[in-house]
Amino acid sequence: MNSSISFSQFDNTSKIRVKKVEAFLNSVELELSPDIEVFVSAKEKSKMIACGGLSGNVLKCIAVSPEKRGEGFVLSVMTELLNAANDRGRKELFIYSTPKNIAFFEECGFQLIEECDSKIILMENSKNLKKYKNNLSRLKKDGNVIGSIVMNANPFTLGHRYLVEEAAKKSDHLHIFVVREDASDFSFKDRINLIQKGLADIENITIHEGSDYIISKATFPTYFIKDKCSINELHAKLDLSIFRNQIAPSLNITHRFVGTEPYCTVTNNYNQNMKKVLGESNPKSNNIEVIEIERKEYKDKAISASSVRALLKDKKYDELSNIVPPTTFDFLVKRI
Amino acid sequence: MKLRRSMLFVPGSNTSMVCNAFIYKPDTVMFDLEDSVALSEKDSARLMVFHALQHFVYKNVETAVRVNPLDSPYGLLDLEAVVRAGTDIVRLPKTDTVEDVLNMQDAIEKIEEKIGRTKKTQLLAAIESAEGVVNAVNIARCSDRLMGIALGAEDFVRDLHTQRTKQGSELMAARSQILLAARAAKIHAFDSVFSDVKDKEGFLAEVKYVKGLGFDGKSLVNPNQISVLHDAYAPSQTDVDWSLEVIEAAKEAEEKGLGVVSLDGRMVDAPIIARAKWTLELAVASGMIRE
Amino acid sequence: MNILKKSAYAGTLESSDAYIHVSPIQENEIKLILESSVEEIYGEAIEELVVQTLKEMKINNILVKVQDKGALDFVIKARLQAAILRACESNEPVWEELS
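Residues numbered from 1 in each chain as written. Chains lettered and ligands numbered in written order. Predicted model: local features only at pLDDT ≥ 70, side-chain atom pairs only at ≥ 80, totals over all residues. Heavy atoms only, no water.

Trainee: Residues and numbers for the overall build of chain A, please.
Mentor: A count of helices and strands for chain A gives 11 helices and 14 strands. For a compact globule of 336 residues, the expected C-alpha radius of gyration is about 20 Å, and chain A comes in at 22 Å, within 12% of that figure. With the C-alpha coordinates aligned to their principal axes, the bounding extent of chain A is approximately 70 × 50 × 35 Å. Within chain A, the fraction of its 336 residues that count as buried is 52%. Counting every atom, chain A has about 16100 Å² of accessible surface; 48% of that belongs to carbon and sulfur. Computed over 48 positive and 44 negative side-chain charges, the inter-centroid distance for chain A is 3 Å. (Helix = DSSP H or I, 4+ residues; strand = E, 2+ residues; numbered from the N terminus. Rg over C-alpha atoms; globule rule 2.2 N^0.38 Å. Buried < 20%, exposed > 50% of the residue type's maximum accessible area, 1.4 Å probe, protein only. Areas by Shrake-Rupley, 256 points an atom, 1.4 Å probe, with all protein chains shown as cover. Lys, Arg positive; Asp, Glu negative; His and termini not counted. Charge placed at Lys NZ, Arg CZ, Asp CG, Glu CD.)

Written out as structure tokens, the structure reads:
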């Protein structure tokens with residue numbers, strides 16, 4: 001009987017209780033995820049025995065003390081978390097976890113989206129992936145070379161423009177996915193708007209709003225990954241596996257284009273993983289050829305969105321006009 | 001007289017218990033809408049119990065429901081749901097005075113009249129305070145709907161400024177008073193729950209003790225306690241043999257039209273016959289003899 | 001007549017129970033999403049039960065999501081009714097509609 005167990009719900013401003021959750025998580029070798037907004041915890045005789053958290057539409061830091069495992073009790077914890085999410089109108093939820101938990105989360109109404117490297121899984125409790133794939137397949141175009149680019153474009157530069165031009169030349173049709181997250185300096189709405197304006201004259205392209213299935217680094221959880229060095233790699237592999245196995249087949253994508261990365265090692269590593277995950281053949285899905293395109297330079301320096309942001313900060317508007325298209329420049333100037 | 005040794009507490013919010021409690025064959029299943037149900041689940045648990053009471057698996061077992069107090073926002077809603085759904089007994093929590101019982105009786109009568117229920121809902125008053133214990137004698141006699149009174153020990157010891165112990169000396173006065181009040185009013189007396197489900201020896205010792213005091217039965221929190229309790233309440237073979245003889249003698253006397261029943265040269269009066277019947281019922285329930 | 005004012009839920013994910021989420025929709029129809037471990041065998045029966053329960057409560061524009069964990073009929077009914085009454089912000093159930 002569970003009547004001696006009590007649940008409570010609180011948000012991340014409840015410092016004392018959050019501290020207790022953190023201590024509890026540490027006791028079961030997990031970490032507190034800093035982006036959690038809402039917590040649930042279960043206590044038995046004033047001792048914490050379980051917790052869980054909600055960050056956006058991702059359930060995180062779900063933990064049950066060892067002596068309470070295997071009693072079906074964790075289903076009560078999940079019920080409390082679902083209630084907390086529903087109370088906030090968040091019905092379509094995701095969970096990152098390890099493969100050994102697949103069956104359990106299936107019992108809670110979640111379905112596997114992708115499993116990667118036997119280390120990490122992504123699951124959702126809506127059937128949105130299927131819907132998303134159906135919608136995508138309506139935008140399918142015929143051709144031998146169906147290219148793809150995933151971009152954040154924070155904001156859209158002549159570098160992005162050059163990458164698209166080159167890729168579009170090599171493709172019968174080119175699909176561009178814009179990462180959907182508002183953790184960037186420029187909002188998703190502004191970013192996609194500038195991309196659409198900046199590419200209005202190129203005909204064989206489709207611009208797609210990103211989805212929950214293109215995983216931004218910002219929402220990727222790290223609290224259960226013990227080897228911190230592998231975080232970036234796991235993120236890259238999971239994101240790329242979903243792209244290869246779930247997204248690309250709906251559009252018959254054969255190629256993926258990416259700019260070379262001379263500066264940032266994280267991005268460079270991502271590109272190397274891309275060649276592996278997308279390029280190598282495996283029985284699950286067709287492989288996708290990865291083509292790196294030399295980055296467009298201005299005055300011997302590769303154009304990047306981060307340099308645009310730096311120039312903006314320093315108010316060097318003249319220089320700015322040399323590395324962004326007029327549509328982006330107009331927007332930036334008006335925003336000042 | 002119906003056997004009421006075991007009264008199994010089933011939290012109205014614990015679905016699998018609500019669905020399965022009948023399997024354990026307690027004498028009475030008591031659904032709880034009060035303390036074991038979180039405030040946010042009161043409405044949902046009420047509906048669950050409302051439907052469970054009407055389900056065929058509970059047609060052949062006595063059902064009781066502990067409702068929330070009438071002065072809470074849930075009490076009347078609970079009451080309407082369970083009286084409509086046909087519960088046999090309503091357990092009235094925290095009964096301090098005769099008025100508490102009469103108020104509950106009035107509320108039940110109104111509902112029964114409204115819905116045209118003819119089978120009278122019975123009442124079980126849980127006494128959980130010093131005031132209630134002091135008033136027990138009057139409470140026990142105040143309503144013909146009252147089938148029994150029960151001790152609620154957790155709240156009672158708090159009210160007494162003490163806590164429960166294994167020996168149970170803190171409950172001595174209350175147990176005696178409740179038992180005397182029930183016997184004087186010719187209704188059932190029930191002992192409180194024993195909540196440490198892991199302590200089987202402690203539970204058995206308490207059961208033997210309250211059986212010795214004269215209690216008809218006990219509220220239980222865990223289905224595993226049922227068989228232990230029933231075994232402890234099983235009569236001895238000697239009692240059963242003797243009771244069979246008593247009943248036989250009584251039958252014989254009746255057939256012969258004798259006014260007085262005698263056995264082994266001694267007179268057997270009505271209370272003894274009633275007691276023998278009860279012993280045999282226990283023996284049947286314990287599987288010692290067939291009906 | 002019960003009118004859904006908001007989304008609401010009732011129940012748990014525990015074994016023998018059901019977790020039910022309801023929300024009002026514009027169209028005059030009953031949309032049901034059912035997830036059940038026993039969907040193949042009992043899917044139709046659960047659907048009938050949901051439709052019948054909604055009919056009794058006179059509700060005809062609703063999205064119902066049922067996560068069934070092997071619940072008996074009366075459990076699904078109780079949880080669905082609880083979710084609906086919460087969505088209607090109704091404190092006084094009409095018992096005749098809840099038989």
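Trainee: Run through the pairing of strand β4 (residues 62–68) of chain C, naming residues and quoting values.
Mentor: All names here are of chain C. A large share of β4 lies buried, amounting to 6 of its 7 residues. Relative to β4, strand β2 (residues 18–24) runs antiparallel, the two sharing 7 bridges. From the neighbouring strand, Y19 faces β4, where its bridge partner is Q67. (Pairing = 2+ DSSP bridges.)

Trainee: Give a description of the domain arrangement of chain A that names residues and reports values.
Mentor: Residues and elements named next belong to chain A. Under the domain assignment, chain A is made up of domain 1 (5–91) and domain 2 (130–335). On a C-alpha basis, the centres of domain 1 and domain 2 stand 35 Å from each other. At the junction of the two partners, domain 1 supplies 8 residues and domain 2 supplies 7 residues. Of the roughly 630 Å² buried between domain 1 and domain 2 on both sides combined, carbon and sulfur atoms contribute 52%. Among the residues domain 1 hides against domain 2, the three largest losses belong to L30, E31 and K60. Together they make up 52% of the total. (Domains from an automatic or database assignment. Contact = heavy atoms within 4.5 Å. Buried area = accessible area lost by both parts, 1.4 Å probe.)

Trainee: I'd like a rundown of the sheet that holds β4 of chain C, residues and numbers included.
Mentor: In spatial order, the strands read β1-β2-β4-β3 (chain C); together these 4 strands make up an open sheet with mixed pairing. Only two strands of the sheet have a single neighbouring strand rather than two, namely β1 (8–11) and β3 (30–36) of chain C. Between one strand axis and the next, the sheet turns through 10 degrees on average, direction left out of account. As judged from the 7 bridges shared by β3 of chain C and β4 of chain C, these two strands associate in the parallel manner. Pairing of E35 of chain C across the sheet is with Q67 of chain C, part of β4 of chain C. Across the face of the sheet, helix α2 (residues 73–87) of chain A comes into contact with β1 and β2 of chain C while running at roughly 5 degrees to β2 of chain C. (Axes fitted to C-alpha atoms, helices over the stretch in contact; angles between N-to-C directions.)

Trainee: Mind laying out the interface of chain C and chain B, listing which residues take part and the relevant values?
Mentor: At the junction of the two partners, chain C supplies 21 residues and chain B supplies 20 residues. Taken over both partners, the interface formed by chain C and chain B buries close to 1800 Å², and the fraction arising from carbon and sulfur atoms is 64%. Together, F74, R86 and W95 of chain C form the three largest contributors to the area buried by chain C at its contact with chain B, with a combined 42%. Across the contact surface, chain C and chain B share 3 salt bridges. Viewed at the interface, chain B and chain C are joined by 7 residue pairs in polar contact (both at pLDDT 80 or more). At 9 residues, helix α2 (residues 73–87) of chain C tops the list of elements feeding residues into the side of chain C that touches chain B. Here the side of chain C that touches chain B is composed, by residue class, of 10 nonpolar, 5 polar and 6 charged. (Salt bridge = Lys/Arg side-chain N within 4 Å of Asp/Glu carboxyl O. Polar contact = N/O pair within 3.5 Å; in protein donor to acceptor, adjacent residues only side chain to side chain. Nonpolar A, V, L, I, M, F, W, Y, C, P; charged D, E, K, R; others polar.)

Trainee: How would you sum up the interface of chain A and chain C? Please name residues and give values.
Mentor: Facing the 15 residues of chain A at the interface are 15 residues of chain C. Where chain A abuts chain C, roughly 1200 Å² becomes buried across the two surfaces, and 47% of that area is made up of carbon and sulfur atoms. The largest share of the area that chain A buries against chain C comes from T79, N86 and K91 of chain A, three residues that together contribute 32% of it. Linking chain A to chain C there are 1 salt bridge.

Trainee: Break down the confidence of the model for chain C for me, citing the residues and quoting the values.
Mentor: In this model, chain C carries a mean pLDDT of 91, and residues with pLDDT of at least 70 account for 96%. Predicted complex metrics record ipTM = 0.95 and pTM = 0.84. (pLDDT = per-residue confidence, 0-100.)

Trainee: Go over helix α7 (residues 231–251) of chain A, please, and point to the residues and values.
Mentor: Structurally, the α-helix is built with 3.6 residues per turn, so residues lying three or four positions apart point the same way. Residue and element names in this part refer to chain A. Compared with an ideal rise of 1.5 Å per residue, which puts 21 residues at 30 Å, α7 spans 29 Å between its outermost C-alpha atoms and is within 8% of the ideal. Along α7, the helix axis deviates most sharply at F243, where the bend reaches about 35 degrees. Most of α7 is tucked away, with 18 of its 21 residues classed as buried. Positive backbone phi, approximately 55 degrees, marks N252, located one or two places after α7. (Expected span 1.5 Å × (residues − 1). Bend = angle between axes of the 7 residues up to and from the residue.)

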